[in-house]
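# Chains, contacts and geometry: an overview
Spelled out, the chains give:
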Number of protein chains: 2
Amino acid sequence: MPEQTPLDLPEGDPFGPHNLPYGVFSLADERDRRVGVRLGSHVLDAGAAAHALGSPYASLLAQPSLAPLLAAGRQTWRDVRRALTAWVTVPAHREVVEPLFEPLSAVRLHLPFDVADYVDFYASENHATNLGRLFRPDSEPLLPNWKHLPVGYHGRAGTVVVSGTDVVRPSGQRKAPYATEPTFGPSTKLDIETEIGFVVGAPSELGTPVPLSGFRDHVFGLCLLNDWSARDIQPWEQVPLGPHTAKSFATSVSAWVTPLEALDAARVAPPVRDVQPLPYLDDTKAEEPGGYDIRITVALNGEVISEPPFAGMYWTGAQMLAHMTVAGASLRTGDLYGSGTISGPERRQRGSLIELTWNGAEALALASGERRFLVDGDEVTMTAWAPGPDGTKVGLGSVSGRIRAAV
Amino acid sequence: MPEQTPLDLPEGDPFGPHNLPYGVFSLADERDRRVGVRLGSHVLDAGAAAHALGSPYASLLAQPSLAPLLAAGRQTWRDVRRALTAWVTVPAHREVVEPLFEPLSAVRLHLPFDVADYVDFYASENHATNLGRLFRPDSEPLLPNWKHLPVGYHGRAGTVVVSGTDVVRPSGQRKAPYATEPTFGPSTKLDIETEIGFVVGAPSELGTPVPLSGFRDHVFGLCLLNDWSARDIQPWEQVPLGPHTAKSFATSVSAWVTPLEALDAARVAPPVRDVQPLPYLDDTKAEEPGGYDIRITVALNGEVISEPPFAGMYWTGAQMLAHMTVAGASLRTGDLYGSGTISGPERRQRGSLIELTWNGAEALALASGERRFLVDGDEVTMTAWAPGPDGTKVGLGSVSGRIRAAV
């Protein structure tokens, strides 16, 4: 039997020509980075293909970063995607394109763009409710602002790392509720947050808010995101200005950015909101549904511990973008914003260990041992897919990271 | 009388050869940006001077940004400063250097480097106490963590703008304490925050904290910073994850970065702390005092409204840096962190309008009219100087911005 070629994909491959996510890869020399497009278990050197086929997008794609493509704007995103689809499906191109594929096993994947600003939201009602119950058991679980605006804050862009990067256990201050003084040491409650990340392509002007309808003009695509969190450090430091060191030591993202166009079949209506949002956030008359039906699986040392459903998020990516810019903040190419932890109503749909183990009260019994929070050596992998056209699946790849002992 | 040359400065000029702050300027073509060094009321084209004098630093200085110099590290910062000092003081260089000066009135000043990550602290005890009294009148004004760690949070790097940039009044949500629903509109409590900014030059490794003693290896210099704030928007949105849109629409910085070496004579001991900090923040045995005696003047439409003293800050720049990295966050060239609003114990030393007017209860009577918060057209200018060697003054320049009406 002849070896299968990159262009002969098995039926139903979630990385077929209907998907075509973008990344940045290198071969032997890590400094020689190139934009790649994933097809099955191979990556196409997109710049080389564009050159070989005399495409006008050669200079946009023969780059060490996705940034030029991201900056080019929606019409170009569409045109480049149409060209790529032709390169991998039209038989006449086969002879030219096939040699420009590398097997994924032979390449190294890199952070596909420099993150400009990183904002993290808190858009799952189930997650916010669970955390409210844990930390404010005698009050309403949701704070009064939660259904009026997508709560969010700025994180550290410089510590966003690509999937596969080890995470060093952070150290810091924490104070037990009845202790009189804080203590210092490696985090004892190292946790994950299962999120979807929105990658901003086209910039906007300072002083000019982006309306709900501008979402697809500015957002290029989605990635998977794990917002590592030190649950013991966070409560002590976050009053009154929010999380800082407990969430800025590492944020992992998938190596592949899935363009929004590949996810059109996955769009779903967001949940009905029981509080009327202010006009700049009111999407009830939007032309397109704002939710995305993305199914995520979270595995700890290979064992599935959760399956958070993105479709149920209270706030959409368009609403987060409108809120983020409502006071006039500008967007830059490479801005990244996260949805916040995705949790569904079921126990097995919770996107963080603090929810899955109820702040450590109920250990998870796993093949690798009992877990309340992460121990050194643990590896967490999140994978996802979404419904594609004609019954296909669109793979969003995975984001993984392994915990290294504190320094 | 012959016109005074750039090299013949009046006695006591705060921008004499003992200062030499760095900036980026352009002449007619705004895209042609160059590193400049200020001397008196002129700016030296540093790259052109380096070329003309055959300096090994020509490639580092003939740049459109300070980034390459910032990244070069402390030894190079020292060497370049020594070279610059010679160029503007040794008579043999006069003929070459003098034509490479431009009057400040003929140049446009730009943001001198791309801000990587921006973190804002809250390091003035007087400021934190004033805000505690205003917002939590029935509790201890300082929260329990305040004297154990320098409270801080990430802000938006992409909206840091250079002095002279207009600021559009932000709009957003706010809710009055006894209202049942939030309302939307232009901020009615637009405020300033008078701060010093720390400019990070040399990067650090992810997973490796920077100790107190690493401050001068990583921080290149200081600037003035005005963290514009919408006081009506902030309280409603900031629970529980901190400020977001109320503080991310614009942050203004001075065009000049003063190198730490120019401020050696301004170093002072920080106040005695009445709470023993954890070892990573304990500077009682530090070799050098961690405070800086910087005197700031805040003017509203030309009239002085406050003179905040930086010397009295509870937490130092070295402590903020050690805390920011304690969990392993890495530094990048171009990271910027702000001290938080600087307020002294006296009423005329408060660094924000919310403190000066006690949240609008006590209007300021100014020549331009009564002010509680900023009105459209208002211009705020902060200027500063610090003691230099031998009785000189070191000017830190100014940061100014004018309020434009909401869109």
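Rules used in this analysis
Residues numbered from 1 in each chain as written. Chains lettered and ligands numbered in written order. Predicted model: local features only at pLDDT ≥ 70, side-chain atom pairs only at ≥ 80, totals over all residues. Heavy atoms only, no water. UniProt positions renumbered as here; feature names shortened; annotations may be inferred. Helix = DSSP H or I, 4+ residues; strand = E, 2+ residues; numbered from the N terminus. Contact = heavy atoms within 4.5 Å. Pairing = 2+ DSSP bridges. Axes fitted to C-alpha atoms, helices over the stretch in contact; angles between N-to-C directions. Salt bridge = Lys/Arg side-chain N within 4 Å of Asp/Glu carboxyl O. Buried < 20%, exposed > 50% of the residue type's maximum accessible area, 1.4 Å probe, protein only. 1 Å grid on protein atoms, 1.4 Å probe; cavity = no way out; pocket = protein on both sides within 12 Å on 5 of 7 lines; lining within 4 Å. Points joined across faces, edges and corners; volume = space filled by probe spheres on them. Domains from an automatic or database assignment.

We now examine the UniProt feature "binding site: substrate" (unreviewed entry) in chain A. Residue and element names in this part refer to chain A. The feature "binding site: substrate" (unreviewed entry), as given by UniProt, occupies Tyr122, Arg136, Gln234 and Thr341 in the numbering adopted here. One can find Arg136 in the loop between α6 (125-135) and β7 (152-155). Beyond its immediate stretch of four places on either side in the chain, Arg136 contacts Leu131, Pro141 and Leu143. When you line up the elements, Thr341 lands in the loop between β22 (336-338) and α10 (353-356).

A separate point is the sheet that holds strand β5 (residues 108-110) of chain B. Hydrogen bonds between backbone groups are what pair the strands of a sheet, and the pairing can be parallel or antiparallel. All names here are of chain B. Pairing within the open sheet is antiparallel, and its 5 strands lie in the order β4-β3-β2-β1-β5. Edge positions in the sheet fall to β4 (101-103) and β5, since each of these pairs with one other strand and no more. The mean angle between the axes of side-by-side strands here comes to 45°, regardless of whether they run parallel or antiparallel. Where strand β1 (residues 22-26) lies against β5, 3 bridges are found, and the strand directions are antiparallel. Across the sheet, Phe25 pairs through a bridge with Leu109, a residue of β5.

To continue, consider the pattern of salt bridges. Residues and elements named next belong to chain A. By the definition in use, this model includes 55 salt bridges over all chains. When the shortest N-O distance is used, the salt bridge between Arg74 and Asp217 registers 3.5 Å. With Arg74 in helix α4 (residues 74-89) and Asp217 in helix α7 (residues 215-218), the pair connects residues that are 143 residues apart, well separated along the chain. Owing to a relative accessible area of 26%, Arg74 belongs among the partly exposed residues under this scheme. Owing to a relative accessible area of 36%, Asp217 belongs among the partly exposed residues under this scheme. Several salt bridges converge on common partners, so that one network encompasses Asp191, Glu193, Asp227, Arg231 and Lys247.

It is worth spelling out helix α9 (residues 317-325) of chain B at this point. Taken across its 9 residues, α9(B) has 9 buried, putting it largely inside the fold. Along α9(B), the positions that sit buried rather than exposed are B:Gly317, B:Ala318, B:Gln319, B:Met320, B:Leu321, B:Ala322, B:His323, B:Met324 and B:Thr325. Residues of α9(B) that are buried sit in contact with α8 (234-237) of chain A together with β6 (118-121), β13 (194-200), α7 (215-218), β14 (219-226) and β22 (336-338) of chain B.

Looking now at empty space enclosed by the protein. All names here are of chain A. For the structure on display, the rule yields 8 cavities of 30 Å³ or more. If you add up the space inside the largest cavity, you get close to 110 Å³. Around the largest cavity sit Tyr22, Arg74, Trp77, Arg78, Arg81, Arg216, Val219, Phe220, Pro259, Leu260 and Glu261, which together line it. Elements that contribute at least two residues to the lining of the largest cavity include exactly α4 and β14 (219-226). Here the element with the most residues in the lining of the largest cavity is α4; it accounts for 4 residues. Shared between two domains, the lining of the largest cavity holds at least three residues of each, these being domain 1 (22-110) and domain 2 (118-404).

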